[in-house]
Amino acid sequence: MPRLRQVPRAEATAPIVTAMYDYIFGDRDPVREPGTESGSPGDWWTVFATVPDILEHAVQGFGIYRSPKRALDPLLRELGQTRVGWVTQSLFVFSQHCKSLRALGVPEEKIQAVASWQAADCFDEVERLVLAYADYLAYDHGRVPDGLFEKLRHHLSDEEILELTYITTLYLQHAVMSRALRTEFDDVADRMVEVPAPEGSDPVEVGRYLSRDRES
């Protein structure tokens, strides 16, 4: 379950909430009967419905990146979105945008290679630059080397680069929020926990063993 409360259909009064519930879930109550066509639970929608104007702002963002006004090739857009899902370890963002790449007709080889693009030979030069740019946005928080940026400008217009930057970082935000709130496929426990010593062991003796191990 996500960390925040979900809004059942009976409590959904804001027009944006009822419209999106109808569009995504039909006449179901998405809290009692979760599930979307993509296989996700759909609780991103029911959590964001807690603050309707934030949900509306997010939905407007979806419309912006899919608008026919966009100059950026949808393939490059989706490579950026998918890669930041991988980098941030958001199973939800990564999974959803692998599906989006597939819907665009991208070969399965490329989709599977997004995780290890540096070692893959199936991407052309501009695709590799976009994936590298996504890494600098996500891993280095926008610290992009001049050399990479200039090569990117050789292939893309200023308008395309702005769109790529905006959409990629928008999905960096979505990935971070999904993990923090544990929505959708990101509803997983943190694996970084202490592995206990064997039952019945003496904590003092374990400490002495570890001290000897560090000194050796």
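Placed above this text is the structure.
Residues numbered from 1 in each chain as written. Predicted model: local features only at pLDDT ≥ 70, side-chain atom pairs only at ≥ 80, totals over all residues. Heavy atoms only, no water.

Here we look at the environment of Ser-38
Here is the rule: The secondary structure listing takes helices from DSSP runs of H or I that are at least 4 residues long and strands from runs of E that are at least 2 residues long, numbered from the N terminus. To sort residues, take the accessible area from a 1.4 Å probe on protein chains only and compare it with the maximum for the residue type: under 20% means buried, over 50% means exposed, and anything in between is partly exposed. A contact between two residues is defined here by any heavy atoms of the two lying within 4.5 Å. Any pair of N or O atoms that falls within 3.5 Å is considered a polar contact. Within protein, one atom must be able to donate a hydrogen and the other to accept it, and sequence-neighbouring residues count only if both atoms are side-chain atoms.
Checked against the element boundaries, Ser-38 lands in the loop between helix H1 (15–25) and helix H2 (43–48). Residue classification places Ser-38 among the partly exposed residues on the basis of a relative accessible area of 30%. Sequence separation between Ser-38 and Val-130 is 92 residues, and the spatial gap between their C-alpha atoms is 26 Å. For Ser-38, the contacting residues outside a window of four places in its chain are Gln-96 and Lys-99. Only 3.1 Å separates the side chain of Ser-38 from the side chain of Thr-36, close enough to count as a polar contact. In this structure the side chain of Ser-38 is engaged in a polar contact, spanning 3.1 Å, whose partner is the side chain of Gln-96.

Considerations on the nonpolar core
Applicable threshold: Residues grouped as a nonpolar core are buried Ala, Val, Leu, Ile, Met, Phe, Trp, Tyr and Cys residues, joined through side-chain atoms within 4.5 Å.
With 28 residues, the main nonpolar core has Val-17, Tyr-21, Trp-44, Trp-45, Leu-55, Phe-62 and Tyr-171 as its most contacted residues. Looking at this core, the elements that each hand over two or more residues are H1, H2, helix H3 (52–66), helix H4 (74–87), helix H5 (91–103), helix H7 (125–139) and helix H9 (158–181). Setting aside chain neighbours within four positions, we find Tyr-171 in contact with Phe-62, Tyr-65, Gln-81, Val-84, Val-93 and His-97. Judged by nonpolar contacts, the second largest core, of 27 residues, contains Leu-79, Val-114, Phe-123 and Leu-148.

Observations regarding the packing of H4 against H7
In a packed pair of helices, the relevant descriptors are the angle between the two axes and the axis-to-axis distance. The line we're drawing: Between N-to-C directions, angles cover 0 to 180 degrees, with each direction set by a line fitted to C-alpha atoms, over the stretch in contact for helices. We call two directions roughly parallel when the angle between them is under 35 degrees, roughly antiparallel when it is over 145, roughly perpendicular when it lies between 65 and 115, and oblique otherwise. Left-handed is the label given to a crossing in which the near helix is rotated counterclockwise from the far helix by less than a right angle, and right-handed is the label when the rotation is clockwise. Under the convention adopted here, Pro, Cys and the residues Ala, Val, Leu, Ile, Met, Phe, Trp and Tyr are nonpolar, Asp, Glu, Lys and Arg are charged, and Gly plus all remaining residues are polar.
It is at 9 Å that the axes of H4 and H7 come closest, and there the two elements cross at 40°. As judged from the angle between their axes, H4 and H7 are oblique. Crossing hand, H4 versus H7: right-handed. Of H7, the residues touching H4 (which contributes Leu-75, Leu-76, Leu-79, Gly-80, Arg-83, Val-84 and Val-87) are Val-126, Glu-127, Val-130, Leu-131, Ala-134, Asp-135, Ala-138 and Tyr-139. Residues that form the contact of H4 with H7 fall into these classes: 11 nonpolar, 1 polar and 3 charged.

Remarks on the side chain of Asp-43
What counts here: Charged residues are defined narrowly, with Lys and Arg counted positive, Asp and Glu counted negative, and His plus the chain ends left uncounted. Here a salt bridge means any side-chain nitrogen of Lys or Arg lying within 4 Å of a carboxyl oxygen belonging to Asp or Glu.
Position of Asp-43 among the secondary structure elements: in helix H2. Buried within the structure, Asp-43 lacks any salt-bridge partner; Arg-182 is the closest side chain of opposite charge, at an N-O distance of 11 Å. Residue contacts for Asp-43: discarding those within four places in its chain leaves Pro-2, Gln-6, Thr-183 and Glu-184.

Regarding H4
Defined as follows: For a helix, the expected span equals 1.5 Å multiplied by the residue count minus one.
If you check H4, its first and last C-alpha atoms are 20 Å apart, about what 14 residues at 1.5 Å a residue would give, namely 20 Å. The buried fraction of H4 is high, at 11 of 14 residues. All of the buried residues in H4 are Leu-76, Arg-77, Glu-78, Leu-79, Gly-80, Gln-81, Thr-82, Arg-83, Val-84, Gly-85 and Val-87. Among the residues of H4, the N-terminal cap falls to Asp-73, whose side-chain oxygen and the backbone nitrogen of Leu-75 are separated by 2.8 Å. Once H4 finishes, Gln-89 follows within two positions and takes phi at roughly 60°, a positive value.

A word on the state of the cysteines
The condition is simple: A pair of cysteine sulfur atoms is labelled a disulfide when the two atoms are within 2.5 Å.
A full pass over the atoms with the stated rule returns 0 disulfides. The thiol of Cys-98 is not disulfide-bonded; the next cysteine sulfur, from Cys-122, is found 13 Å away. Judged by relative accessible area, which is 10%, Cys-98 ranks as buried.

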